[in-house]
Amino acid sequence: MIIPDFTTAIVVSQNPEQVFEAINNVRGWWSEEIEGSTHKLNDVFNYHYEDVHRCKMKLIEMVPGKKVVWLVEENYFKFTADKTEWTGTTIIFEITENDNKTALRFTHQGLVPEYECYEICKGAWTTYIQKSLYNLITTGKGQPNGKGKPQTEDEKKMGAGDK
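A few points on the structure.

The subject of this paragraph is the pairing of strand β3 (residues 44–49). Residue alternation in β3 divides its side chains into a buried set, Phe-45, Tyr-47 and Tyr-49, and an unburied set, Val-44, Asn-46 and His-48. In terms of strand pairing, β3 meets strand β4 (residues 53–63) through six bridges, oriented antiparallel. Residue pairing in the sheet places Asn-46 in a bridge with Lys-56 of β4. Between β3 and β4, which pair antiparallel one after the other, the connecting turn spans three residues, and Glu-50 there sits at a positive phi close to 45°.

This structure, assessed with the given rule, holds one cavity of 30 Å³ or more. As a volume, the largest cavity reaches approximately 180 Å³. Going through the elements one at a time, β3, α3 (118–139) and α4 (153–159) are the ones with two or more residues in the lining of the largest cavity. Here the lining of the largest cavity takes five residues from α3, the largest share from any one element. Across the lining of the largest cavity, the residue classes tally to 13 nonpolar, two polar and two charged.

The subject of this paragraph is unusual backbone geometry. At Asn-42, a residue that is not glycine, the phi angle is positive and equals roughly 75°. Considering the arrangement of structural elements, one finds Asn-42 in the loop between β2 (35–36) and β3. Positive phi values are uncommon outside glycine, yet Asp-99 reaches one of about 50°. Mapping Asp-99 onto the fold places it in the loop between β6 (90–98) and β7 (101–109).

What follows covers the pattern of salt bridges. What the rule picks out here adds up to seven salt bridges. Residue Asp-51 is joined to Lys-78 by a salt bridge in which the shortest nitrogen-to-oxygen separation is 3.2 Å. Of this pair, Asp-51 sits in the loop between β3 and β4 while Lys-78 sits in the loop between β5 (67–77) and β6, and the two are 27 residues apart along the sequence. Residue class for Asp-51 comes out partly exposed when judged on its relative accessible area of 40%. The residue Glu-61 makes a salt bridge to Lys-67 at a minimum N-O spacing of 3.8 Å. In this structure Lys-67 comes out as partly exposed when scored by relative accessible area, which is 23%.

Reading the values: the criteria
Residues numbered from 1 in each chain as written. Predicted model: local features only at pLDDT ≥ 70, side-chain atom pairs only at ≥ 80, totals over all residues. Heavy atoms only, no water. Buried < 20%, exposed > 50% of the residue type's maximum accessible area, 1.4 Å probe, protein only. Helix = DSSP H or I, 4+ residues; strand = E, 2+ residues; numbered from the N terminus. Pairing = 2+ DSSP bridges. 1 Å grid on protein atoms, 1.4 Å probe; cavity = no way out; pocket = protein on both sides within 12 Å on 5 of 7 lines; lining within 4 Å. Points joined across faces, edges and corners; volume = space filled by probe spheres on them. Nonpolar A, V, L, I, M, F, W, Y, C, P; charged D, E, K, R; others polar. Salt bridge = Lys/Arg side-chain N within 4 Å of Asp/Glu carboxyl O.

Below is the structure:
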């Protein structure tokens, strides 16, 4: 049986090395409040958005210009019955080059439609990859979240205490 892991992709004019560097600048596209290093194999970093979502990531694979993989070691969601839905899942960034363009395929392996968080997480990852990371790669400026700086409609709702 094929598990329908969440996947999205972008194509840019920048080279694979520039895409790789942008992925590892997690503060530049996902959250300004990342704690820890995000640049070397076995680095561990913590993400949080207000009291809504926290997770601990470990960089378990890095191939410069080609691939980055994070393991979700710990996770907490305020808005799901199973607060740990992401724990043990992997987040994969695969970079390929074709016809002077660079494609980035993002897969959250283990983020499946059966998860209560799926629709919210799907929307968030789509925003952060297709908008924020894309803009960081192409213009040098992403749109990460931060304290009082929600970037998705769901972050705006949940950060305001609606859920």
